[in-house]
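# Structural features, examined
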Amino acid sequence: MAPFAHARVDLDAITSNARLLGELAGGTPLMGVVKADGYGHGMLPSAHALIEGGATWLGTAFVKEGLELRRAGITVPVLSWIIPPGEPVGEAIEADIDLGVSDRAVLAEVVAQARRLGRVARVQLKADTGLHRGGVDPAEWEPVVEAAARAEEEGVLKVSGVWSHFACADEPGHPSIRAQLDAFHEALEVVEKAGLTPEVRHIANSAALLTLPEARFDLVRGGIASYGLCPIPNFDVPGLRPAMTLESKVALTKRVPAGSGVSYGHRYFTRSETTLALVPLGYADGVPRAATNKGPVLLGDARRVIAGTVCMDQFVVDVGDDPVAAGEYAVLFGDPGEHPAAPTAQDWAEVLDTIPYEIVTRVGVRVPREYVGGV
Ligand SMILES: Cc1ncc(COP(=O)(O)O)c(C=O)c1O
């Protein structure tokens, strides 16, 4: 039996997006970013779909995610980049996962684990070029690079990559972009002087991939765009296909008189006698409570707005006198190519003052992912 609600994920859309991103990047190899359960789309199916579309690398935030890819038999190079104390660094080395190194302590831990295992660890040194989040601070860059070079000479480590991340690539023309590119070039010079020969140098996320050819280097990291969503508001990328559709059957409908207060706190009142439709998805499923009286929904061929407070498991839509019945599907967001009237994750992001990343990644575990397409 079909579930009452699901996030339908079109794997062919992910494959086609990967292909498109490869073309838009002028053939620069693509790393498909699959962290956070493939931005909520399902990590393993998304990884396979991205590889099918030509991605030659995969990127995850955590080693645990990288190990899951390996356990599933995925053999393409994988980079995992957040290494808090206690991460299974040894397992990562054994699984041939590239480790993103952002400070001396992590480098020392990787070297110690590689010596213990008698293996060569693959390390990608991350330079902080101005995001001031992860990455080695410029003042620390030389000593860290030199320490990595010594470990490479010792034969316990290979500096497989050097990389960084933009702060404002989603605002093309932002002055920090130029400054970060310059800082990245300087960081690369230090690496070259130390005699290191990384296989890949990379800094571009989806926004830079789409707008900044000089940020391509040897690899581009495509996250949100792989899933068909654009990181830059009001920036059209013809051919990009949103892969996720979030929809739910209406659980029940009821007629109520004018002046009825709806849902917790009575934050919505009916203007006239009307039909209310109950959609069994709530904030526990990733529909933000902030979507109260704001979230757009396609129901009964018309686009409407959530009526009243979003609850943990449900919300209400006022459908007026339209003949909406229990069992009909309400579409919260999807691909406009498939449902021209349906809201998009970008529409949700705009009404909630957030970004589409947050809309798709927060779809909860209670919502089954239903896959279409794929090999
Ligand atoms: C280090 C790093 N690289 C690449 C990405 C992918 O970014 P995007 O989804 O904007 O393409 C992310 C996402 O947050 C990231 O943290």
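Read on for an overview of the structure. Everything numeric here is computed off the predicted structure, so don't read it as measured data.

Definitions and limits used
Residues numbered from 1 in each chain as written. Predicted model: local features only at pLDDT ≥ 70, side-chain atom pairs only at ≥ 80, totals over all residues. Heavy atoms only, no water. Pairing = 2+ DSSP bridges. Helix = DSSP H or I, 4+ residues; strand = E, 2+ residues; numbered from the N terminus. Axes fitted to C-alpha atoms, helices over the stretch in contact; angles between N-to-C directions. Buried < 20%, exposed > 50% of the residue type's maximum accessible area, 1.4 Å probe, protein only. Contact = heavy atoms within 4.5 Å.

### Observations concerning the sheet that holds strand E11 (residues 252-256)
Pairing within the open sheet is mixed, and its nine strands lie in the order E11-E14-E17-E16-E15-E18-E10-E1-E19. Whereas interior strands pair on both sides, the edge strands pair on one side only; in this sheet they are E11 and strand E19 (369-372). Put simply, the sheet's adjacent strands are angled 35° from each other on average, direction ignored. Here two bridges tie strand E15 (residues 296-299) to strand E18 (residues 329-333), and the two strands are oriented antiparallel to one another. By the bridge assignment, Leu-299 is partnered in E18 with Ala-330.

### Focus: unusual backbone geometry
Glycine aside, residues mostly have negative phi angles, and peptide bonds mostly take the trans form. The backbone phi angle of Asp-37 is positive, close to 55°, even though this residue is not glycine. Following the sequence through the fold, Asp-37 ends up in helix H2 (residues 35-39). A relative accessible area of 40% places Asp-37 in the partly exposed class. With phi around 50°, Tyr-39 is a residue other than glycine that occupies positive phi space. Residue classification places Tyr-39 among the buried positions, given a relative accessible area of 7%.

### Quick look at the environment of Val-9
Note that Val-9 resides in strand E1 (residues 5-10). In this structure the C-alpha to C-alpha distance between Val-9 and Gln-314, which are 305 residues apart in sequence, comes to 22 Å. Residues in contact with Val-9, not counting those within four places in the same chain, are Ile-14, His-41, Ala-243, Arg-369, Glu-370, Tyr-371 and Val-372.

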